[in-house]
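Below are the chains, spelled out letter by letter.
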Amino acid sequence: MINIIIFTFLISISPFGEARAGIPYGILNGLNPLTAFIIGLIGNLLIFPLFALLIDAFNAKLWRYKFYKKQNIRLMRRAKKGVGANIQKYGFWGLMIFVMIPLPTTGAYIGTIAAYIFKLPRKQAFLAVSLGVIISCTIMAFGTHFGLLGAEQL
């Protein structure tokens, strides 16, 4: 059981699934839905502070290198193209709604990058990303739990 909890957490903090994959993994492998929700939520909530610190540290140390700068600008343009209009127009609410949608390429990682690109105040961005993550985790937990119950009824 501890393995499932650890994997649920690791999947939830990874950029390849976040809680969208971690919570269903935990529930489908026998974790109580509330436990899977809490573990996935904690993992996903840790993304913003850790990733924001990494962005700051890497940019401070590596911005002077041409390759890093080029790749960073490319990533920023890609993120800006995907979320730019809504976050620039709606700010806090746009970022929160973007993060809460449980689809690929939306979530805490891209939300953190978007907050950095659009220079949203750190506390405001953290709150927007956190609220989006909480809503997204809730959707995934309920969806997986009730989907599993429905599948068992067949």
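Computed from a prediction, not measured in an experiment: that's the story for all the values here. (Residues numbered from 1 in each chain as written. Predicted model: local features only at pLDDT ≥ 70, side-chain atom pairs only at ≥ 80, totals over all residues. Heavy atoms only, no water.)

(A) Main features of unusual backbone geometry. Phi is positive for glutamate 18, close to 50°, though the residue is something other than glycine. Looking at the element boundaries, glutamate 18 is found in helix H2 (residues 18-28). Positive phi is not limited to glycine here, since lysine 119 has a value of about 55°. Counting through the fold element by element, lysine 119 comes out in the loop between helix H7 (108-117) and helix H8 (122-153). (Helix = DSSP H or I, 4+ residues; strand = E, 2+ residues; numbered from the N terminus.)

(B) Structural detail: the nonpolar core. By size, the foremost hydrophobic cluster in this structure holds 34 residues, and its most contacted members are Ile23, Leu95, Val129, Val133 and Cys137. Apart from the residues lying within four places of it in its own chain, the contact partners of valine 133 are Leu41, Asn44, Leu45, Val99 and Ala108. (Core = buried A, V, L, I, M, F, W, Y, C linked by side-chain atoms within 4.5 Å. Buried < 20%, exposed > 50% of the residue type's maximum accessible area, 1.4 Å probe, protein only. Contact = heavy atoms within 4.5 Å.)

(C) Here's a closer look at the side chain of serine 12. Tracing the sequence through the fold places serine 12 in helix H1 (residues 2-13). Residue serine 12 is classed as buried on the basis of its relative accessible area, which comes to 0%. In contact with serine 12, not counting residues within four places along its chain, are Glu18, Ala19, Gly22, Ile23, Gly40, Gly43, Asn44 and Ile47.

(D) Up close: H8. A rise of 1.5 Å per residue sets the reference length of H8, with its 32 residues, at 46 Å; its end C-alpha atoms lie 46 Å apart and thus fit the reference within 8%. When H8 is considered as a whole, its buried residues turn out to be Ala125, Ala128, Val129, Ser130, Gly132, Val133, Ser136, Cys137, Met140, Ala141 and Thr144. Looking at the buried positions of H8, the neighbouring elements they touch are H2, helix H3 (33-45), helix H4 (47-62), helix H6 (92-100) and H7. (Expected span 1.5 Å × (residues − 1).)

(E) Structural detail: the pattern of salt bridges. Going through the model one piece at a time under the given rule, you end up with two salt bridges. One salt bridge in this structure joins glutamate 18 and arginine 20, with 3.6 Å as the shortest N-O distance. As far as the burial class goes, glutamate 18 and arginine 20 line up, both buried. A salt bridge links arginine 122 to aspartate 56, with the nearest nitrogen and oxygen atoms 2.8 Å apart. Of this pair, arginine 122 sits in helix H8 while aspartate 56 sits in helix H4; the two residues are 66 residues apart in sequence, bridging distant segments of the chain. The class of aspartate 56 is partly exposed, set by a relative accessible area of 29%. (Salt bridge = Lys/Arg side-chain N within 4 Å of Asp/Glu carboxyl O.)

(F) Just the confidence of the model for the protein, in detail. The share of residues in the protein with pLDDT of 70 or more is 96%, and the mean pLDDT across the chain is 88. For the protein, the element scoring lowest by mean pLDDT is helix H5 (residues 66-90), at 77; H3 scores highest, at 95. (pLDDT = per-residue confidence, 0-100.)

(G) Inspection of the packing of aromatic side chains at higher detail. Following the criterion strictly, the structure yields six aromatic pairs and no others. Their ring planes at 75° and their centres at 5.1 Å tell us that phenylalanine 51 and tyrosine 109 sit as a pair that is edge-to-face. In this pair, phenylalanine 51 is assigned in helix H4 and tyrosine 109 in helix H7, connecting sequence segments 58 residues apart. On the accessibility criterion, tyrosine 109 (17% relative accessible area) is buried. On the basis of an interplanar angle of 15° and a centroid distance of 5.8 Å, the ring pair of phenylalanine 142 and phenylalanine 146 is categorised as stacked. On the criterion of helical spacing, the pair formed by phenylalanine 142 and phenylalanine 146 is a turn pair, its members being four residues apart in helix H8. (Phe/Tyr/Trp six-rings, centres within 6.5 Å; stacked < 30°, edge-to-face > 60°.)

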